[in-house]
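Summary of the model geometry
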Amino acid sequence: MAKDSLSEAGLHFDDLNKLRILDPDVSQQTTELKEECREFVEKIDDFQKIVGGLIELVDQLAKETENEKMKAIGARNLLKSIAKQREAQQQQLQALIAEKKMQLERYRIEYEALCKVEAEQNEFIDQFILQK
Amino acid sequence: MRLKTSLLKEPKHKELVSCVGWTSADELYSCGDDHQILKWNLLNGETSLVVKLPDDTYPIDLHWFPKNVGSKKQGQSDMFVITSSDGKFHLISKLGRVEKSVDAHSGAVLAGRWNYDGTALVTAGEDGHIKIWSKSGMLRSTLAQNGLPVYSVAWGPDSEKVLYPVGKQLIIKPLQPSSKVLQWKAHEGVILKVDWNPVNDLILSAGEDCKYKVWDSYGRALYSSTSHEYPITSVSWAPDGDLFAVGSFHTLRLCDKTGWSYALEKPNTGSIFSLTWSIDGTQVAGACGNGHVIFAHVIEQHWEWKNFEVTLTKRRAMQVRNVINDAVDLLEFRDRVIKASLKYGHLVVSTSLQCYVFRSSVISFRYFEPKPDVVEHTEPVTKNWNTPLIFDLKEGTVSLILQCERHFLLVDGGSLFLYSYEGRLISSPKVPGMRTDILNAQTVSLSNDTIAMKDKTDEKLIYLFDALSGKPLGDGKPLAHKIEVVEIALDQGGPAIERKIAFVDKNRDLYISTVRRLGKEQKAVKIGSMVHTLAWSDLSNILCGIQDNRFTVWYYPNVAYVDKELLPKTISEKDGSEYTKSPQIVSFVGNRVTIRRSDGSLVHTNISPYPAIIHDYITASKWDEAVRLCRFVKEQTTWACLAAMAITNKDMSTAEIAYAAIGEIDKVQYINSIKDLPSKESRLAHIQLFSGNFQDAEAIILQAGLIYQAIQLNIDSYNWERALELAVKHKTHVDTVLAYRQKYLNDLNKKETNKRFLQYAEGVEVDWEKIRAKIELELVKERERASTGPLGPSTRSSISLQH
């Protein structure tokens, strides 16, 4: 009964019979809670750390992705422009080829003319020999 | 031929370059939208800033004041004009000081050009005005006002006309206000650039329809290019008028004056806004859209003569190839090669300071010259090519080299110099007031003894000079033709006294005329029409040309002077359609003619070798051999040539054989009768008569005192009045004339109406017996005079007795 009166007065005895103001159970629970809270905080900290790492990683990944994306776009553009460049180059080469073709045609005509001259001269020589 | 281009790695201008201009052969000024005027020294490769223009001045066109103006021969031009987008033009000194800025147009000034003597400047503006300014920048006149901007402008060769484009039209407007304006539609797009060459008088135009075109000064189209990928932004004639350059986006082209393209370059330049040739014509500079200035050298020019091929491999090196043995020689020069010519076994090369003469081992190329150097032929050619003769040039700006068998002519600056192949200066003919810088191979001609020249100031005149003394021939008067002469050429063979000049006039008629006129005026004889190009053989007097699309060879043009009817028989013609439109004869060496077609390809053709051999026989007076050859060949042309040559040289027996061979019986008979004439003078006179020179014939007889023969000559030609005049003047044979006149009138059943004859008929009795006796007496007298000559029996003394 005394216990109860004591408890009513807000005094308690713990197992070691020390006088306590707080109910030992409560105290114990509090301590446990405290413990748990600490653990929780620790866990949260860990979690934050992990998440931070994750975010960092994702950020990094994003950056890399962005980079790659830009690179891809650049490459795609380059590809497009190369196609155009090739076209221009092709055009230039074609112009040069046309030029060479014209030159070739000129040479062909000259060659034909020379062949004709050669034939004429051979004929002339033959005739000359025959008549002699 | 091709262009060797050079571009710096980094552009010197920060913005596009709009214009360039040469001061000398190695110094260029350029300016662009970064307001800088840069000077490019090509000798040391340095580029320096001359001046930076104000920030609001965007230059568009640059042109140097012409050098060699007036008496000031030497020295470089020291001033240039820049036109700019703010409607001004600026006169700027060589050091970059802006001497004067003049408000010229509203809107940009798109072009500015000095005329050739530097007395006037023409500007063209965005406002469509064309304005003429004095040298100091005072407005003289507004030549034209148009509704469209004028992008370019060019002076005519004589600085009397101005060419400019308006939209798609080209307009040639003379400075004289009342003169006719020539205008034609030239392109399908806006015309961006024009140029007009003073040497060949041809016009270039280029436009946004991506084509460039060549025109003559009458507006006839000579060439039109195929369509390019981009608009043609610039065209420019080389100073000598043989080549031109064309610029477009990433494109630089080198073309022949007939339009076909020698070479195409695709440099990384952007659009080439302006092209300018250096003063010696060896390189071209272009103002590029990406801030570069491109330089392009003309290399790999090619010369051919017989078995030698010469190629300019580098600026200072040539390669000589003997195609017979494939021997190759390299020729090196101290300076840049400007002009070269290979003919008659000699290669003449001019650099900026010196003239080199190389001699090939083939020295003799005539048929019958003794060839003591036969042994030499086996020697390596190298020996000859490596020992050139070198001498210093007087001015060092050779614009033309012409060669003949014994000497060569250099047009150097303001003068002409004739050198022997040993390098000795022979003469330097001078025409006062002649512009030598516009002479070309069509307007100057050279033979061993004569130089002929045509001046721009009066194109009807041909100046003739003795080659050895450099003095004008004869009385010093130039040969005058009825209308403008386009092309002249001297023949190369035969003695100096028989030198002939062939020329083509504006109507494309071909004439031949003697160069050394003895005494009376010798008429030019027309021997062809519609002749587009012509050339004499390098050795014998054979002329070839393209006559109205037919390739024609005049084997003996001199026939026009001895027997004009024979002319068609001495000509050989063949179809020239294989040469296409407007071909040019490049060379006529021996019996090989080389023709360049309008597409640039060379076509070779051989002509019959026999006439040339006959020419040589006749030069050596080997008549029998000539006749034998003709019998062997059995060709009408050779016989006809021989006949004409025999008449020219008064070898009547050969003439008789030749005329008989071509079936000209009437002429054979006449020749026979000439052979029977009693005196030398009569024979000479009748040979002259044979060639149609009546006056010469009469003069010869009269000079010999054969009055009766002269009278008879006139009677035979029904030249009654002259016959009577002679008879009365010499108081002899009046009755003879009257008797023949009577007979003639009786034959025709006509009455005498001529007063003089009526008057003399009154006092004279016609007695045929007496007349016959008198004639017989005259003939006896003539025979006695000429009794020294063994003439053989002659019954008829004059053909007149056949009446």
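Values in this document were obtained by computation on a predicted structure and should not be read as measured data. (Residues numbered from 1 in each chain as written. Chains lettered and ligands numbered in written order. Predicted model: local features only at pLDDT ≥ 70, side-chain atom pairs only at ≥ 80, totals over all residues. Heavy atoms only, no water.)

Right, let's get into the overall build of chain A. Secondary structure assignment for chain A yields two helices and two strands. Buried residues in chain A amount to 7% of all 132 residues. Working note: accessible area of chain A is about 11800 Å², and carbon and sulfur atoms make up 60% of it. Averaged over its 20 positive side-chain charges, chain A has a centre that lies 10 Å from the centre of its 27 negative ones. (Helix = DSSP H or I, 4+ residues; strand = E, 2+ residues; numbered from the N terminus. Buried < 20%, exposed > 50% of the residue type's maximum accessible area, 1.4 Å probe, protein only. Areas by Shrake-Rupley, 256 points an atom, 1.4 Å probe, with all protein chains shown as cover. Lys, Arg positive; Asp, Glu negative; His and termini not counted. Charge placed at Lys NZ, Arg CZ, Asp CG, Glu CD.)

Attention now goes to the UniProt feature "domain: IFT80/172/WDR35 TPR" (unreviewed entry) in chain B. Feature annotation in UniProt assigns "domain: IFT80/172/WDR35 TPR" (unreviewed entry) to the following positions: residues 639-784 of chain B. Helix makes up 78% of residues 639-784 of chain B and strand 0%, and the two end C-alpha atoms of the span are 37 Å apart. (UniProt positions renumbered as here; feature names shortened; annotations may be inferred.)

Here we take up the nonpolar core. Residue and element names in this part refer to chain B. Residues Leu510, Phe551, Leu642, Ile647 and Tyr659 are the most contacted members of the largest nonpolar core, which totals 69 residues. Per-element tally for this core: the top contributor is helix α5 (residues 636-648), with nine residues. Within the second largest apolar cluster, 26 residues are counted, among which are Ala710, Leu713, Tyr740 and Leu779. (Core = buried A, V, L, I, M, F, W, Y, C linked by side-chain atoms within 4.5 Å.)

Residues and elements named next belong to chain B. If you trace the four strands from one edge of the open sheet to the other, you get β1-β28-β27-β26, paired in antiparallel fashion. The strands lining the two open edges of the sheet, one partner per strand, are β1 (2-6) and β26 (272-277). Neighbouring strand axes in the sheet, compared pairwise and without regard to direction, differ in orientation by 25° on average. In this sheet, strand β28 (residues 293-299) lies alongside strand β27 (residues 283-288) in antiparallel orientation, the contact comprising five bridges. By the bridge assignment for β28, Gly286 is matched with Ile294. (Pairing = 2+ DSSP bridges. Axes fitted to C-alpha atoms, helices over the stretch in contact; angles between N-to-C directions.)

So, about the packing of aromatic side chains. Residues and elements named next belong to chain B. Summed over the entire model, instances satisfying the criterion amount to 31 aromatic pairs over all chains. With a centroid separation of 6.3 Å and 5° between ring planes, the pair formed by Tyr356 and Phe358 is classed as stacked. Linked through ring pairs, Phe391, Phe408, Phe417, Tyr419 and Tyr421 together constitute an aromatic cluster. Over the ring of Phe417 we find Lys394, and its NZ or CZ is 5.4 Å from the ring centre. Over the ring of Phe757 we find Arg741; its NZ or CZ atom is 4.7 Å from the centre of that ring. (Phe/Tyr/Trp six-rings, centres within 6.5 Å; stacked < 30°, edge-to-face > 60°. Lys NZ or Arg CZ within 6 Å of the ring centre and 35° of its normal.)

Residues and elements named next belong to chain B. The phi angle at Glu300 is positive, at roughly 60°, despite the residue not being glycine. You can see Glu300 is positioned in the loop between β28 and β29 (302-305). Despite not being glycine, Asp548 has its phi angle at roughly 50°, a positive value. The residue Asp548 is located in the loop between β50 (543-547) and β51 (550-554) in this model. On the accessibility criterion, Asp548 (46% relative accessible area) is partly exposed.

Taking strand neighbours across the sheet as the criterion, the four strands line up as β22-β23-β24-β25 (chain B) in an open arrangement whose pairing is antiparallel. Taken across any chain shown, the strands that pair with only one partner, and hence form the sheet edges, are β22 (232-237) and β25 (261-265) of chain B. Taking each pair of neighbouring strands and ignoring which way they run, the sheet shows an average axis angle of 15°. Here strand β23 (residues 243-248) of chain B runs beside strand β24 (residues 251-256) of chain B; their pairing, made up of six bridges, is antiparallel. In the strand pairing of β24(B), Phe244(B) is matched with Cys255(B). The strands touched by helix α2 (residues 24-131) of chain A are β24 and β25 of chain B; relative to β25(B), the strand with the most contacts, the crossing angle is about 155°. (Contact = heavy atoms within 4.5 Å.)

Residues and elements named next belong to chain B. Within the secondary structure, His615 is located in helix α3 (residues 610-619). Only 2.8 Å separates the side chain of His615 from the backbone oxygen of Tyr555, close enough to count as a polar contact. Residues contacting His615, with those up to four places away along its chain left out, are Ser540, Asn541, Ile542, Tyr555, Tyr556 and Met645. (Polar contact = N/O pair within 3.5 Å; in protein donor to acceptor, adjacent residues only side chain to side chain.)

When two helices pack together, their arrangement is given by the angle between their axes and by how far apart the axes lie. All names here are of chain B. One can describe the packing of α5 onto helix α6 (residues 652-661) by two numbers: an axis separation of 8 Å at closest approach and a directional angle of 155°. With respect to α6, the axis of α5 lies roughly antiparallel. Of the two elements, α5 crosses α6, and the hand of that crossing is left-handed. The segment α5 lies against α6, with Trp639, Leu642, Ala643, Ala646 and Ile647 engaging Met652, Thr654, Ala655, Ile657, Ala658, Tyr659 and Ala661. Class assignment of the residues belonging to the contact of α5 with α6 gives a composition of eleven nonpolar, one polar and no charged. (Parallel < 35°, antiparallel > 145°, perpendicular 65-115°, else oblique. Left-handed = near helix turned anticlockwise from the far one by under 90°. Nonpolar A, V, L, I, M, F, W, Y, C, P; charged D, E, K, R; others polar.)

A word on the pairing of strand β46 (residues 500-505) of chain B. Residues and elements named next belong to chain B. Among the six residues of β46, six are classified as buried, and the element is accordingly described as predominantly covered. Of the two faces of β46, the one lined by Lys500, Ala502 and Val504 and the one lined by Ile501, Phe503 and Asp505 are each fully buried. By the bridge criterion, five bridges tie strand β45 (residues 485-490) to β46 in an arrangement that is antiparallel. Each bridged residue has a counterpart across the sheet, and for Ala489 the counterpart in β46 is Ala502. Bridge count for β46 against strand β47 (residues 510-514) is five bridges, and the pairing is antiparallel. Among the inter-strand pairings, Phe503 is bridged to a residue of β47, identified as Tyr511.

Okay, the interface of chain A and chain B next. Taken together, the contacts link 18 residues of chain A with 24 residues of chain B. A combined buried area of about 1900 Å² lies between chain A and chain B, and 55% of that area is made up of carbon and sulfur atoms. Interface area lost by chain A to chain B is led by Gln92(A), Glu99(A) and Arg106(A), which between them contribute 27%. Applying the counting criterion to the chain A and chain B interface returns two salt bridges. With its nearest N and O atoms 3.4 Å apart, the salt bridge here joins Lys116(A) to Glu578(B). Along the contact surface separating chain A from chain B lie six residue pairs in polar contact (both at pLDDT 80 or more). Residue composition of the side of chain A that touches chain B, grouped by class: eight nonpolar, five polar and five charged. (Buried area = accessible area lost by both parts, 1.4 Å probe. Salt bridge = Lys/Arg side-chain N within 4 Å of Asp/Glu carboxyl O.)

We now examine the confidence of the model for chain A. In the predicted model, chain A carries a mean pLDDT of 88, and the fraction of residues at 70 or more is 96%. At the level of individual helices and strands, chain A shows its lowest average pLDDT in helix α1 (residues 2-8) of chain A, which scores 68, and its highest in α2(A), which scores 91. (pLDDT = per-residue confidence, 0-100.)

Time to look at the pattern of salt bridges. Residue and element names in this part refer to chain B. Taken as a whole, this structure holds 40 salt bridges over all chains when the rule is applied. Between Asp509 and Lys526 there is a salt bridge whose closest N-O contact spans 3.7 Å. Taken together, the residues Asp509 in the loop between β46 and β47 and Lys526 in strand β48 (residues 525-528) connect sequence positions 17 residues apart. Among the residues examined, Lys526 registers a relative accessible area of 36% and is labelled partly exposed. The salt bridge partner of Asp563 is Lys667, with a shortest N-O separation of 3.1 Å. Of the two residues, Asp563 is situated in the loop between α2 (559-562) and β52 (571-575) and Lys667 in helix α7 (residues 665-675); the sequence distance between them amounts to 104 residues.

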